[in-house]
Amino acid sequence: MPYARISLRKGKPPQYLRALADGIHQAMAECIAVPPKDRFQVIHQHEAEEMIIDPDYGGGLRSDDFVLVTLHLGRPRTKEAKAALYARMAERLSASPGLAPADLMVVLIDGEMDNWSFSHGRQASQLPPEALRP
């Protein structure tokens, strides 16, 4: 039940935004066992002055097409699964919508089920396991 926040500069067409969202979700399904229907993504588009990004940090060189993906995960994943996810996401997004791998930054936030409420004000950790399966 990850939640994905996708942040980028304003100006991309809807097809580009959908390709970003689809590629991110497909990589998560392939690498960290996210079910196909378990999809919660929010795309945030910002004015240029609202994104202050170091173009060189950590292996840039980043362009104005920079995308920051923050994934909130309900349970921790292995280092190997995370590494596979980063690589696969860069590969998928390079293929469609054509995002340069240097323009992709991914941040994972592991959590506990006590930190989630999916509806009705109920803590997710108190739900029966079958309620958490799509």
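Residues numbered from 1 in each chain as written. Predicted model: local features only at pLDDT ≥ 70, side-chain atom pairs only at ≥ 80, totals over all residues. Heavy atoms only, no water.

In the annotation of an unreviewed UniProt entry, the protein chain is listed under the name Tautomerase family protein and assigned to Chromobacterium vaccinii.

**Focus on the overall build of the protein chain**
This is how it is decided: Labels follow the DSSP assignment, with helices taken as runs of H or I lasting at least four residues and strands as runs of E lasting at least two, numbered in each case from the N terminus. Three labels apply to residues, based on accessible area from a 1.4 Å probe with only protein chains included: buried if under 20% of the type maximum, exposed if over 50%, partly exposed otherwise in between. It only takes one pair of heavy atoms within 4.5 Å for two residues to be counted as in contact. Here the Shrake-Rupley method, with its probe set to 1.4 Å, supplies the accessible areas, and only the displayed protein chains count as covering residues.
Of the regular secondary structure elements, the protein chain holds two helices and four strands. Helices and strands in the protein chain line up, N terminus first, as β-α-β-β-α-β. Burial statistics for the protein chain: of 134 residues in total, 34% are counted as buried. At a minimum sequence separation of 6, the contacts of the protein chain that also span at least 24 residues come to 73%. Accessible surface computed for the protein chain: about 7900 Å², of which carbon and sulfur atoms make up 53%.

**A word on helix α1 (residues 14-31)**
Definition in use: Expected span of a helix, by definition, is 1.5 Å for each gap between consecutive residues, and there is one gap fewer than residues.
For α1, built from 18 residues, the straight-helix expectation of 26 Å at 1.5 Å per residue is met to within 8% by its first-to-last C-alpha distance of 26 Å. Of the residues making up α1, those classed as buried are Tyr16, Leu17, Ala19, Leu20, Ala21, Gly23, Ile24, His25, Ala27, Met28 and Cys31. Buried positions along α1 lie against β1 (3-9), β2 (41-46), β3 (67-73) and α2 (79-95).

**Looking at the pattern of salt bridges**
Applicable threshold: Basic side-chain nitrogens of Lys or Arg form a salt bridge, by our definition, when they fall within 4 Å of a carboxyl oxygen of Asp or Glu.
One pass over the full model with this rule turns up nine salt bridges. Note that Arg92 is salt-bridged to Glu30, the shortest N-O span being 2.5 Å. Here the residue Arg92 occupies a position in helix α2, and Glu30 occupies one in helix α1, the gap between them amounting to 62 residues. A relative accessible area of 23% means that Arg92 is categorised as partly exposed. A residue is classified by how much of its surface remains accessible, and Glu30, at 41% relative accessible area, is partly exposed.

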